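Structural description and commentary
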Amino acid sequence: MRMINIGNTGMAVTELCHGTLILGKLQADLTPEEGAVAIRKSYEMGVNFYDTAQSYQVYPHLALGLKGVPRDKLVIASKSHAHSYEGMKMAVEECLRTLSLEQIGIFHLHQVQSVDDLRSRKGALDCLLEFKKRGVIGAIGASSHTVAGTQAVNNESAIDVVFPVLNSKGLGIIDGNLQDMLEALKESKAKGKFVYAMKPLGGGHLYKEIEEAFDFLRQLPTCDAIACGMKDEAEVEMNVSIFNDERVSEELRGRVHAVARRLVIYDRCIACGLCIDECDQGALSMGESKVVVDDSKCILCGYCAAVCPEYVIRVV
Ligand code: SF4
Ligand code: SF4
């Protein structure tokens, strides 16, 4: 698999990054033992790049899947929504401790949406700079679902890595279209930042055209690597085959669960509305007795599930 250098950090990552959001409570809700199987498989198939986050609650899955793997063979990217210095310090220390790391490859400000949002995280960014100076973090990053957030990050020289929503249909970009995001990323590259894409399959909407969706991103000069959620061995095998430029056999395709995933809200919903405020895609609204989802807008990020006090939201 193609390896790509992260600027002059000395780190090189596989073009395919294993996204881990899908493993945890916000999506497939796998146990650490179940989730570890996919993680181990991707490592054995040559992947060295893993993307996770404090809020995904999947550090135990990763720790188990990568048990015994020398940490210098891996580049792990994590993130936190923390705004303050102290909050970010706790997030970084939790990641180091739970994943038995001495160094974290990339640590992101999670979901930067605008210039003001980035400014409000000065304490968190100062903390990451401090950790980077001490060699605890290899590179500082920021993830974003917006063009405005990506542009803000472009203007922050302390940030080395950009992790935007990016796919062939522009699905999940909150404040613009694909072209707008590509323009913003052209600037990211011009400023020397490493870019890897999230939601390459639009939260599952492009699953039926998976090769085309990956090909689109792999040919972009503005995209260095691609993070894709993989929850079982068959998904890992299929994605690794594609990134190794191998033909996907019909047998393997048949093993991959090709049914599109969707968001389900159970009848025990108490109509509190918290999830509606959380969804930045505008995919949720109040129905007659419970919240309803607009599948055409939902990117299956699972963030609404994290705020539901009744635990009645699931990606299935
Ligand atoms: S409804 Fe919104 S917050 Fe929930 S999974 Fe879909 S896009 Fe994400
Ligand atoms: S947060 Fe949960 S309980 Fe509240 S409206 Fe949304 S689905 Fe219903």
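Residues numbered from 1 in each chain as written. Chains lettered and ligands numbered in written order. Predicted model: local features only at pLDDT ≥ 70, side-chain atom pairs only at ≥ 80, totals over all residues. Heavy atoms only, no water.

1. Let's talk about the packing of helix α3 (residues 85-98) against helix α5 (residues 122-133)
- The contact between α3 and α5 brings their axes to 7 Å, and the two run at 45°. Here α5 runs oblique to α3, going by the angle between their axes. As α3 runs across α5, the sense of the crossing is right-handed. Judged by residue contacts, Y85, M88, K89, V92 and E93 of α3 engage G123, A124, D126, C127, L128, E130 and F131 from α5.
- Considered class by class, the residues forming the contact of α3 with α5 number 7 nonpolar, 1 polar and 4 charged. (Axes fitted to C-alpha atoms, helices over the stretch in contact; angles between N-to-C directions. Helix = DSSP H or I, 4+ residues; strand = E, 2+ residues; numbered from the N terminus. Parallel < 35°, antiparallel > 145°, perpendicular 65-115°, else oblique. Left-handed = near helix turned anticlockwise from the far one by under 90°. Contact = heavy atoms within 4.5 Å. Nonpolar A, V, L, I, M, F, W, Y, C, P; charged D, E, K, R; others polar.)

2. Digging into the pairing of strand β3 (residues 16-19)
- Judged by which residues are buried, β3 turns out to be covered on both faces: L16 and H18 on one side and C17 and G19 on the other are all buried.
- Bridge analysis of β3 against strand β10 (residues 225-229) gives 4 bridges, and the strand direction is parallel. Directly across from H18, in β10, lies its bridge partner C228.
- Bridge analysis of β3 against strand β4 (residues 49-51) gives 2 bridges, and the strand direction is parallel. Following the sheet pairing, G19 is matched in β4 by D51.
- At this point the chain moves from β3, through helix α1 (residues 32-44), to the parallel β4, and the crossover so formed is right-handed. (Buried < 20%, exposed > 50% of the residue type's maximum accessible area, 1.4 Å probe, protein only. Pairing = 2+ DSSP bridges. Right-handed = clockwise from strand over helix to strand, strands pointing away.)

3. Overview of the domain arrangement of the protein chain
- Examined at the domain level, the protein chain breaks down into domain 1 (3-255) and domain 2 (263-315).
- For domain 1 versus domain 2, the distance between C-alpha centres works out to 24 Å.
- Taken together, the contact pairs 17 residues of domain 1 with 13 residues of domain 2.
- Of the roughly 1,300 Å² buried between domain 1 and domain 2, counting both surfaces, carbon and sulfur atoms make up 51%.
- Counting the surface domain 1 buries against domain 2, the share from its top three residues, L26, Q27 and H205, is 37%.
- In this assembly, domain 1 and domain 2 are joined by 0 salt bridges.
- There are 6 residue pairs in polar contact (both at pLDDT 80 or more) connecting domain 1 and domain 2.
- Of the residues assigned to the side of domain 1 that touches domain 2, the class counts are 5 nonpolar, 9 polar and 3 charged. (Domains from an automatic or database assignment. Buried area = accessible area lost by both parts, 1.4 Å probe. Salt bridge = Lys/Arg side-chain N within 4 Å of Asp/Glu carboxyl O. Polar contact = N/O pair within 3.5 Å; in protein donor to acceptor, adjacent residues only side chain to side chain.)

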